[in-house]
Every structure is written in structure tokens, then in C-alpha cells.
Amino acid sequence: MSINSNIRKHLLRRISENTIEEMIHAEKMDIWVCSFGGTASNTLSNYLESKGFNTRTATWKKYLCHYPNPLKFDSMPNLKAIYIFDNPLRALASQKRRGWRWYYTNYLKLKNSKLGLYSDQKMLSVMVRQFEAWNSFNSKSLPICSIPFGQLFDASNKKLSNFLGIDCSDFPPIVERSSTKINMHLPKNLKASVDDIISLL
């Protein structure tokens with residue numbers, strides 16, 4: 001994929017974990033919403049903002065919405081995180097419908113990298129790695145609620161309500177998505193990892 005000069009100047013720079021901690025602390029973020037994209041993370045973050053939480057900070061928009069892994073923090077004992085996931089193939093299709101600049105930028109966020117050659121297979125690989133990192137993290141410094149896309153739209157939304165300590169039964173209704181699918185041959189190990197995520201939905 002070629003990157004013209006107009007796009008190149010907007011690409012991300014790699015950001016250190018210490019810098020992230022400083023930015024989150026300065027911006028007073030209290031809920032870190034993360035996903036691999038195409039899973040209603042913007043819907044959730046907007047909803048949380050309407051409930052008085054600070055989620056959609058400048059750092060979140062540029063880096064943290066699709067960050068590859070959770071982090072241990074010493075200076076923010078009240079910070080919580082919500083990780084949303086869905087069928088990776090369906091999520092990738094959702095991103096690609098928005099155009100290459102959108103999904104390529106998401107790819108860089110998932111890699112925390114300035115540049116990189118893109119392919120759908122590489123994208124799925126970093127999505128799987130992110131899912132595994134967020135769902136294997138175990139640290140009291142950052143409580144995480146990992147929730148499938150569909151559960152966000154449950155009538156009672158008990159999992160989200162219990163995690164946040166508020167009533168989330170008024171969460172916005174689900175918006176039907178296009179049935180566009182990604183049809184591709186995947187290496188055996190990658191296909192098995194994608195299937196494992198799908199089995200949790």
C-alpha cells in the first residue's frame with residue numbers, strides 16, 4: 001500500500017508506555033475503552049461520556065482506542081478498562097467498509113507503530129494478538145471488563161452495570177450492520193485463534 005504525503009503527515013508515532021501513563025493522568029481519563037475496531041467502541045465511549053465518565057480524551061482518540069495491550073499503572077488507582085471484541089472477520093469487514101485510510105490507521109494503532117506493510121492477514125494477526133493480550137492480563141492496577149459485542153446490547157446489560165456500578169439498561173439499541181464478509185484463506189494457527197474468539201461470542 002502506498003502512502004501519499006498528505007496521509008503520511010497524519011500517521012502515528014510510536015508512543016512509550018511511560019508517556020501514555022503521563023497523558024492519561026494529565027487528561028484525567030477514568031475509563032479506558034479498547035477494541036480491535038469495528039466493535040462499537042465509539043458507541044460505548046460516547047455512552048460513558050453521557051454518564052459523566054471521561055473516556056474520549058485526545059490520547060484515547062489518537063492511540064488508546066485500539067492499543068495492543070493493557071498496561072500496569074502505579075499512579076491511577078481509579079482507572080478501569082473495558083475491552084470489547086467480536087468476530088474478527090466481521091470486525092475487519094466493518095473497518096474496511098469505512099475506507100483504507102480508516103483501517104490502515106487502526107492497523108498502526110494495533111501495532112503501536114508509525115508505518116508497516118498492510119495485508120488482511122497481518123491485520124487479523126494483530127487483532128488476535130491484541131485480544132490475547134487483553135484477556136490474559138492480570139493486574140490489580142487495571143481492572144478490566146472484557147465483553148463481547150452482542151452483550152453490550154443486552155436489555156439489562158448486567159455485566160457492564162456491575163463493572164461500572166451504574167444502571168446501563170438504557171444503552172443505545174444495536175444498529176444492524178452490513179453482512180459484508182471477508183473471505184480468505186488463513187494459516188492453520190491463525191484460523192484456530194480466530195475460531196477461538198468466535199466461540200466466545
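What comes next is a walk through the structure. (Residues numbered from 1 in each chain as written. Predicted model: local features only at pLDDT ≥ 70, side-chain atom pairs only at ≥ 80, totals over all residues. Heavy atoms only, no water.)

## Examining the overall build of the chain
Assigned secondary structure in the chain consists of 9 helices and 3 strands. Starting at the N terminus, the α and β elements of the chain follow one another as α-α-β-α-α-β-α-α-α-β-α-α. By the compact-globule yardstick of 17 Å for 201 residues, the chain fits well, its C-alpha radius of gyration being 17 Å. Scored against the burial criterion, the 201 residues of the chain give a buried share of 47%. Within the chain, contacts between residues separated by at least 24 positions form 78% of all contacts whose residues are at least 6 apart in sequence. Surface summary for the chain: the accessible area is close to 10,400 Å², and the carbon and sulfur share equals 49%. (Helix = DSSP H or I, 4+ residues; strand = E, 2+ residues; numbered from the N terminus. Rg over C-alpha atoms; globule rule 2.2 N^0.38 Å. Buried < 20%, exposed > 50% of the residue type's maximum accessible area, 1.4 Å probe, protein only. Contact = heavy atoms within 4.5 Å. Areas by Shrake-Rupley, 256 points an atom, 1.4 Å probe, with all protein chains shown as cover.)

## Brief notes about the pairing of strand E1 (residues 31–35)
In terms of burial, E1 is a largely internal element, 5 of the 5 residues being buried. Residues Ile31, Val33 and Ser35 line one face of E1 and the alternating positions Trp32 and Cys34 line the opposite face, and both faces are buried. Direction of pairing for E1 relative to strand E2 (residues 80–85): parallel, over a ladder of 5 bridges. From the neighbouring strand, Ser35 faces E2, where its bridge partner is Ile84. (Pairing = 2+ DSSP bridges.)

## Digging into the packing of helix H5 (residues 88–96) against helix H7 (residues 120–136)
Between H5 and H7, the shortest axis-to-axis distance is 11 Å and the interhelical angle comes to 120°. With respect to H7, the element H5 is oriented oblique. Read as a crossing pair, H5 and H7 show a hand that is right-handed. Across the interface between the two elements, Pro88, Leu89, Ala91, Leu92, Gln95 and Lys96 of H5 pack against Asp120, Met123, Leu124 and Met127 of H7. Of the residues in the contact of H5 with H7, the class split is 7 nonpolar, 1 polar and 2 charged. (Axes fitted to C-alpha atoms, helices over the stretch in contact; angles between N-to-C directions. Parallel < 35°, antiparallel > 145°, perpendicular 65-115°, else oblique. Left-handed = near helix turned anticlockwise from the far one by under 90°. Nonpolar A, V, L, I, M, F, W, Y, C, P; charged D, E, K, R; others polar.)

## Observations regarding the side chain of His66
In this fold, His66 is placed in the loop between helix H4 (58–62) and E2. Residue contacts for His66: discarding those within four places in its chain leaves Cys34, Ser35, Phe36, Gly37, Ser41, Asn106, Lys109, Leu110 and Gln130.

## Comments concerning the pattern of salt bridges
Applying the stated criterion across every chain yields a total of 4 salt bridges. Between Asp120 and Lys96 there is a salt bridge whose closest N-O contact spans 3.0 Å. Highlighted residues: Asp120 in helix H7 and Lys96 in helix H5, separated in sequence by 24 residues. Residue Lys96 is classed as partly exposed on the basis of its relative accessible area, which comes to 28%. One salt bridge in this structure joins Asp195 and Lys191, with 2.9 Å as the shortest N-O distance. Here the residue Asp195 and the residue Lys191 both occupy positions in helix H9 (residues 188–199), the gap between them amounting to 4 residues, near one helical turn. (Salt bridge = Lys/Arg side-chain N within 4 Å of Asp/Glu carboxyl O.)

## Looking at the pairing of strand E3 (residues 144–148)
Of all 5 residues that make up E3, 4 are buried, and the element is covered over most of its length. Pairing between E2 and E3: 5 bridges, direction parallel. Looking at E3, one finds that Ala81 is bridged to Ile144.

## Digging into the environment of Asp154
For Asp154, the location among the structural elements is in the loop between E3 and helix H8 (158–164). With 14 residues separating them along the chain, Asp154 and Cys168 place their C-alpha atoms 9.7 Å apart.

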